[in-house]
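The lines below spell out each chain.
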Amino acid sequence: KEGQGREKDKADRATSDQVLDKATRMILYQMINRGLVSEIHGAISTGKEANVYGAVAYPDVDGPPVQRAVKVYKTAILSFKDRERYIAGEHRFKAGAEKSHGRKMVKLWAEKEHRNLRRIYSAGIPCPEPIELKSHVLLMSFLGDKKGYAYPRLRDANISGDDTEQVWRTLYIQLLGLMRRMYQVTRLVHADLSEYNILYNDRKLYIIDVSQSVEPDHPRSLEFLRMDIKNTGDFFRRQEVDTLSDRTIFDFITDPKGPVEEPGLSKTIEDLYASRPAFASDEAAAAELEVDNEVFRNQYIPQTLEQVYDIEKDAQKIEEGEGDKLVYRNLLADQVVLKKEDRDSEDESGEGAALDSDDESRFEK
Ligand code: ADP
Ligand code: MG
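Treat the numbers as computed from the prediction; the structure is a model and nothing was measured.

### Side note on the overall build of the chain
For step 1, the next point in the chain: From N to C terminus, the chain includes 11 helices and 7 strands.
For step 2, the next point in the chain: Residues classed as buried in the chain amount to 26% of the 365 residues present.
For step 3, the next point in the chain: Put simply, of all contacts in the chain between residues at least 6 apart along the chain, 62% involve residues at least 24 apart.

What follows is the structure, given as structure tokens:
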């Protein structure tokens, strides 16, 4: 009996997560009337901020059906919760205010995603093609096969065979190229790039989920870029790819000089590999990489030239305990540099000592 109750709870939650509110249904009907889609299917993904649904369209009257994806930003979906409170007579004013604020924010995010996607798509970077935006509903092309299965996230990509190692390395280099193109050509930093927001098919990567992407002159863009580099690097290291240092990648992405198209992009990356200092062993190189990344991740990155007022004077201020008066004082404050979990997993793999500075073994023959 108890089990049944729990099952029912779960089912209720599942439906309430997927129920479309009236405003959303109206927008979808409108899209159907205009022939942009003909039917909306089940959810491909239900996330914290948005649900993504599969859809079918017939762009040519007599032609074959085409798959599409509809991203519906939430809050609007959950507005019935506010309504519940409204009916109960509690927090009437507050609920209303929150709701309208939430709606506006959600619309803004959807707009941002649409705009960013347009820029990335028109630069020829593999991503969904934006088709239509109406309020908090974004219609885009579907990244998946003809049967309607979405391409897996890179995290779930099933790469097997004799050349697995080579494929992972190629994908890594492909991604670095995409990041540079995104920065140099579309002037965007993804800002939430990881194996969760990259789709994979047939040795090709697709960039998705770009509502939070920012331009290089955003006050925190370089900090976001540094996180994107770390997160993607961590993932490829777990696939045992020999990665470049975060600093090397950062410079590669942000340097205006150099190619932004293939084959020049890959060649530049291979050159970066070739110009790395030699180490006695792979372990020594890995340890050095770890130290270098740790230093880079803690380093202050000036965002604009104006921010570097006067390095010497700034250093003096810090000495005098007035560091918190500097413009960039908060840049590093909320960053998690090292977590307990990192330590635990290091211990497991027996690499816990890799950061000990008096451990000279890594420099030995
Ligand atoms: P969220 O903000 O919820 O992370 P995403 O844009 O990352 O939203 O989309 C969530 C999931 O939906 C993705 O991981 C992917 O599996 C699927 N998805 C999103 N857009 C598409 C698309 N255009 N084609 C196929 N699947 C998609
Ligand atoms: Mg996502």
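### Considerations on the pairing of strand S2 (residues 50-57)
For step 1, the next point in the chain: Across the 8 residues of S2, 7 count as buried, placing the element largely inside the fold.
For step 2, the next point in the chain: Looking at chain direction, strand S1 (residues 39-46) and S2 are connected through 5 bridges and run antiparallel. Within S2, the position partnered with Glu 39 by the bridge is Val 56.
For step 3, the next point in the chain: Counting the residues in the hairpin turn of S1 and S2 gives 3 residues.

### Re the nonpolar core
For step 1, the next point in the chain: Of all hydrophobic cores here, the largest spans 56 residues; its most connected members are Val 70, Ile 120, Leu 176 and Ile 207.
For step 2, the next point in the chain: If one sorts the elements of this core by residue count, helix H5 (residues 164-184) sits on top with 9 residues.
For step 3, the next point in the chain: Setting aside its immediate chain neighbours within four residues, Leu 176 contacts Ile 249, Phe 252 and Ile 269.

### A few points about the site of ligand 1
For step 1, the next point in the chain: Around ligand 1, 18 residues are found, and the nearest of them are Ser 45, Gly 47, Ala 69, Pro 128 and Asp 209.
For step 2, the next point in the chain: Of all elements in the fold, only S1, S2 and strand S3 (66-73) reach the threshold of two or more residues within the shell around ligand 1.

### Regarding the sheet that holds strand S4 (residues 130-134)
For step 1, the next point in the chain: Pairing is antiparallel in the open sheet, where 5 strands are placed in the order S1-S2-S3-S5-S4. Across the chains shown, the open sheet's two edge strands, defined by having one partner strand only, are S1 and S4. Looking at each pair of strands side by side, their axes are set apart by 25 degrees on average, direction ignored.
For step 2, the next point in the chain: The pairing of S2 with S3 spans 8 bridges and is classified as antiparallel. Following the sheet pairing, Tyr 53 is matched in S3 by Val 70.
For step 3, the next point in the chain: Sitting on the sheet, helix H2 (residues 22-33) is in contact with S1, S3, S4 and strand S5 (137-141), with an inclination near 40 degrees to S5.

### Describing the UniProt feature "binding site: ATP" (unreviewed entry) in the chain
For step 1, the next point in the chain: Those residues carrying the UniProt feature "binding site: ATP" (unreviewed entry) are Lys 71, Ser 141 and Leu 143 in this numbering. Separation in sequence by 73 residues is not matched in space for these annotated residues, since their most distant C-alpha atoms are only 12.8 Å apart.
For step 2, the next point in the chain: Note on placement: Ser 141 falls in strand S5.
For step 3, the next point in the chain: Since 16 C-beta atoms lie within 10 Å of it, Ser 141 is described here as partly exposed.
For step 4, the next point in the chain: The residues touching Ser 141, leaving out its near neighbours within four places in the chain, are Arg 68, Pro 128, Glu 129 and Ile 131.
For step 5, the next point in the chain: Along the chain, the position of Leu 143 falls in the loop between S5 and H5.
For step 6, the next point in the chain: When near neighbours in sequence (up to four residues on either side) are disregarded, Leu 143 contacts Pro 128, Ala 150, Tyr 151, Leu 199 and Tyr 206.

### Looking at the UniProt feature "binding site: Mg(2+)" (unreviewed entry) in the chain
For step 1, the next point in the chain: Following the UniProt record, the feature "binding site: Mg(2+)" (unreviewed entry) maps to Asn 197 and Asp 209 here.
For step 2, the next point in the chain: Mapped onto the fold, Asn 197 is located in the loop between H5 and strand S6 (198-201).
For step 3, the next point in the chain: On the basis of neighbour count, Asn 197 is assigned to the buried category, with 21 C-beta atoms found within 10 Å.
For step 4, the next point in the chain: Apart from residues lying up to four places away in sequence, Asn 197 is in contact with Asp 192, Ile 208 and Asp 209.
For step 5, the next point in the chain: Structurally, Asp 209 can be placed in the loop between strand S7 (204-207) and helix H6 (221-238).
For step 6, the next point in the chain: Aside from chain neighbours lying at most four places away, what touches Asp 209 is Asp 192 and Asn 197.

Conventions and cut-offs
Residues numbered from 1 in each chain as written. Chains lettered and ligands numbered in written order. Predicted model: local features only at pLDDT ≥ 70, side-chain atom pairs only at ≥ 80, totals over all residues. Helix = DSSP H or I, 4+ residues; strand = E, 2+ residues; numbered from the N terminus. Buried ≥ 20, exposed ≤ 12 C-beta atoms within 10 Å, placed from the backbone. Contact = placed C-beta atoms within 7 Å. Pairing = 2+ DSSP bridges. Core = buried A, V, L, I, M, F, W, Y, C linked by C-beta atoms within 7 Å. Near = placed C-beta within 6 Å. Axes fitted to C-alpha atoms, helices over the stretch in contact; angles between N-to-C directions. UniProt positions renumbered as here; feature names shortened; annotations may be inferred.

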